[in-house]
Every structure is written in C-alpha cells, then in structure tokens.
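# Per-entry structural report
Listed below are the residues making up each chain.
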Amino acid sequence: MSHTTMLSWVTFLYFAAFVFYLFRMILGREFWGKAATGAALAGLAAQSVALALRWRASYDLGFGHAPLSNFYESLIFFAWSIILLYLLMERRLKNRSIGVFVLPVAFLIMAYASIAPGMNQRIEPLIPALQSNWLTSHVLTCFMGYAAFTVAFALGVMYFVKKTAGERPSVFIRLLPSEFHIDELMYSCTALGFIFLTLGIVTGSVWAHYAWGSYWSWDPKETWSLITWLVYAVMLHTRLVRGWRGRRMAVMAMVGFGCMLFTYLGVNLLPSLHSYMS
C-alpha cells in the first residue's frame, strides 16, 4: 500500500474517531469513547508509517529529505501533530470529552489535503535554500506550536459550550470538564504553544541568516509570526499579571488561532519567501 493511499485511509479513521467521540458524548457510554481512542491511535500509527514511507521514498528518488517541504506535507504533519498532542493529553488527563472538539480539526485538515484541487502531492527535490538541517528543526517546532494553539482553540470553543448550558444540562454537557479545568487546560496549551512558537521563530531566524544572510527581513510570514507571537504573549501576560480567566481567555485563544491560521495559510496569498504557492 502506498503512503498516499494510507493517508487517505487515515482521513476516514479520524472521521470515525470524531463520530465515536460524539456518540460517547451524546449516549454517555464509555464503549464509544474507547472505540474513538482506538480509531485515533490507529490513525496516528498509520499516519506515522505513511510519513516514514514518504521520507524513505524521497531517498529512493535520490534527494532525501524530511516530508515537510511543501503545502501537502505541511498539512499532513499539522494534522499528525494535533492528534499526537491530543492523545498525550487524553492519556494524562483520563478524559475523552476534548476529542469531540479536536478531532474535527484534524479530519478537515486531512480531507483538504486529500481532495483540494491542484494540491501537489508529489515528492520533489528541495531548492538550495531549503537544503539544511534547520528546515526540520524549524518546521517541527512551529507545527508543534500550531498544534498546541489548535487544542487551546478547541478548549475555548468547549468553554463557551459549557458556559451556555442551561439549568438542566444534557449528558453532553455533564461529560465536559468544569469551567475551571477547561480554563487551566487552555492556559497550559497556550503556554506550551508559545514556547514552541518562540523556538520556531528563533530557529527560523538562524536558518534565514544561513540561507539569505539576514536574521529578519520583515517577510509577510515573519511579520505575521511576530503578530501571532505578540497575541499569545499578551494572552499569557494578562493571565499572569491581570488575572484574566474564563471568557476572556477563551476569546483570546480564538483570536490567537485566527492569527495563527493567517500566518500559516493567509500569507500564501501574498508575495513571500515562505509561500507554499509561490
């Protein structure tokens, strides 16, 4: 089975995991939660194998590099990072209710990578500027940060769902963590993402100096990365200094996620050294 076919099946596994998580939240039966976790784990394992096969295939073609070099590969790795972070969180917290908010994001990313018109799924050689070990470290740290911010966004959505519950909440609402615990998790994910994004900006600056002779050139991607970094810095600062919690933190998580999405996707529409579409 080719890595492309495996990744197509991974998309369906993530969709199945989302449906199973949803069944658990509606019916309140833990059987569906276990099935959801199993489907997500199977998808993560299959996706890891597919990425490894794609990496090996690049060496077979004579220009081996990590599968992180084009838009298609970045989408695949983004989804992989989200699922990995979520499953680690689920294992640590012993709580499956977050999955119903996180899995749809990973599924949509994988679905877009599979069916978007004009998506280049070919393995191609890197341009000279990208032929550096800094590529792997830069992309890894950035996307782990993006994954943490995505989970924080999902927790922000969860917070508002919990907040709007009436006096007689449904099974779905009762299975959600308390507003306090959602807020704490949202803060933890944001802090983790902020650390990874900071490392991503630093490694990117070093790589830029190596490739183009300048640590910072105010490229649109660099500018929006800085804006995203500042939004999350303000979010963490107001939490620690001003004591912001709850609704304000959830709103900030959503604003930060919007900035992150534009940093990742929006700048592709602008002239940029980082544009996947240029």
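Since the model is a prediction, treat every value here as computed from it, not as a measurement. (Residues numbered from 1 in each chain as written. Predicted model: local features only at pLDDT ≥ 70, side-chain atom pairs only at ≥ 80, totals over all residues. Heavy atoms only, no water.)

### Section: the overall build of the protein
When helices and strands are tallied, the protein shows nine helices and zero strands. For the protein, the N- to C-terminal ordering of α and β elements is α-α-α-α-α-α-α-α-α. For a compact globule of 278 residues, the expected C-alpha radius of gyration is about 19 Å, and the protein comes in at 19 Å, within 12% of that figure. In terms of its C-alpha atoms, the protein occupies a principal-axis envelope of roughly 60 × 50 × 30 Å. In the protein, which comprises 278 residues, the share counted as buried stands at 51%. Considering only intrachain contacts with a sequence separation of at least 6, the fraction spanning at least 24 residues in the protein is 77%. Computing the positive centroid from 20 side-chain charges and the negative centroid from 11, the protein places the two 10 Å apart. (Helix = DSSP H or I, 4+ residues; strand = E, 2+ residues; numbered from the N terminus. Rg over C-alpha atoms; globule rule 2.2 N^0.38 Å. Buried < 20%, exposed > 50% of the residue type's maximum accessible area, 1.4 Å probe, protein only. Contact = heavy atoms within 4.5 Å. Lys, Arg positive; Asp, Glu negative; His and termini not counted. Charge placed at Lys NZ, Arg CZ, Asp CG, Glu CD.)

### Comments concerning the environment of Val 234
Looking at the element boundaries, Val 234 is found in helix α8 (residues 220-242). Note on Val 234: relative accessible area 43%, which makes it partly exposed. Taking the C-alpha atoms as reference, Val 234 lies 20 Å from Tyr 264; in sequence the two are 30 residues apart.

### Notes on the packing of helix α4 (residues 99-115) against helix α5 (residues 133-163)
Across the interface, α4 lies against α5 with an axial gap of 9 Å and an inter-helix angle of 135 degrees. By the angle between their directions, the pair α4 and α5 is classed as oblique. The interaxial crossing formed by α4 with α5 has right-handed handedness. On the side of α4, the interface is formed by Phe 101, Val 102 and Val 105, while α5 contributes Thr 150, Val 151, Ala 154, Val 157, Met 158 and Val 161. Grouping the amino acids of the contact of α4 with α5 by side-chain chemistry returns eight nonpolar, one polar and no charged. (Axes fitted to C-alpha atoms, helices over the stretch in contact; angles between N-to-C directions. Parallel < 35°, antiparallel > 145°, perpendicular 65-115°, else oblique. Left-handed = near helix turned anticlockwise from the far one by under 90°. Nonpolar A, V, L, I, M, F, W, Y, C, P; charged D, E, K, R; others polar.)

### A look at the nonpolar core
One finds Tyr 14, Tyr 21, Phe 78, Ile 82, Ile 98, Leu 155 and Met 186 to be the most contacted residues of the largest nonpolar core, which totals 82 residues. Leaving out residues up to four positions away in the same chain, Ile 98 has contacts with Tyr 86, Met 89, Leu 93, Leu 155, Met 158 and Leu 185. (Core = buried A, V, L, I, M, F, W, Y, C linked by side-chain atoms within 4.5 Å.)

### Description of helix α2 (residues 30-60)
Its 31 residues place the ends of α2 45 Å apart at the C-alpha level, agreeing with the 45 Å of an ideal helix rising 1.5 Å per residue. Gly 62 lies just past α2 and shows a positive phi near 95 degrees. (Expected span 1.5 Å × (residues − 1).)

### Observations regarding the pattern of salt bridges
Tallying each qualifying case throughout the model produces ten salt bridges. Residues Arg 24 and Glu 30 are paired through a salt bridge, measuring 3.2 Å at the closest nitrogen-oxygen approach. The salt bridge involving Arg 54 is made with Glu 73; its shortest N-O contact spans 2.7 Å. With a gap of 19 residues between them, Arg 54 in helix α2 and Glu 73 in helix α3 (residues 71-93) connect regions that are remote in the sequence. Residues participating in the shared-partner salt-bridge network are Arg 24, Glu 30, Glu 90 and Arg 96. (Salt bridge = Lys/Arg side-chain N within 4 Å of Asp/Glu carboxyl O.)

### Topic: the packing of aromatic side chains
Taken as a whole and assessed by the stated rule, the structure comprises 22 aromatic pairs. Their ring planes at 80 degrees and their centres at 5.0 Å tell us that Phe 23 and Trp 32 sit as a pair that is edge-to-face. Given a relative accessible area of 34%, Phe 23 falls into the partly exposed group. Ring centres of Phe 77 and Phe 143 lie 6.1 Å apart, and the angle between their planes is 90 degrees; this geometry places the pair in the edge-to-face category. Of the two residues, Phe 77 is situated in helix α3 and Phe 143 in helix α5; the sequence distance between them amounts to 66 residues. (Phe/Tyr/Trp six-rings, centres within 6.5 Å; stacked < 30°, edge-to-face > 60°.)

### Comments concerning the side chain of Ser 225
Its location among the elements puts Ser 225 in helix α8. Apart from residues lying up to four places away in sequence, Ser 225 is in contact with Leu 197, Ile 201 and Thr 263.

### Here we look at unusual backbone geometry
Peptide bonds are, in most cases, trans, and in most cases residues other than glycine have a negative phi. The phi angle at Lys 94 is positive, at roughly 55 degrees, despite the residue not being glycine. Looking at where Lys 94 falls in the secondary structure, it is placed in the loop between α3 and α4. Since its relative accessible area comes to 69%, Lys 94 is described here as exposed.

### Concerning a nonpolar patch on the surface
On the surface, Phe 23, Ile 26 and Leu 27 cluster together into a nonpolar patch covering about 280 Å² of accessible area. For Ile 26, the position within the fold is in helix α1 (residues 3-27). Of the residues examined, Ile 26 reaches a relative accessible area of 49% and is grouped as partly exposed. (Patch = residues over 30% accessible without salt bridge, like charges linked within 9 Å, V, L, I, M, F, W, Y side chains within 5 Å. Areas by Shrake-Rupley, 256 points an atom, 1.4 Å probe, with all protein chains shown as cover.)

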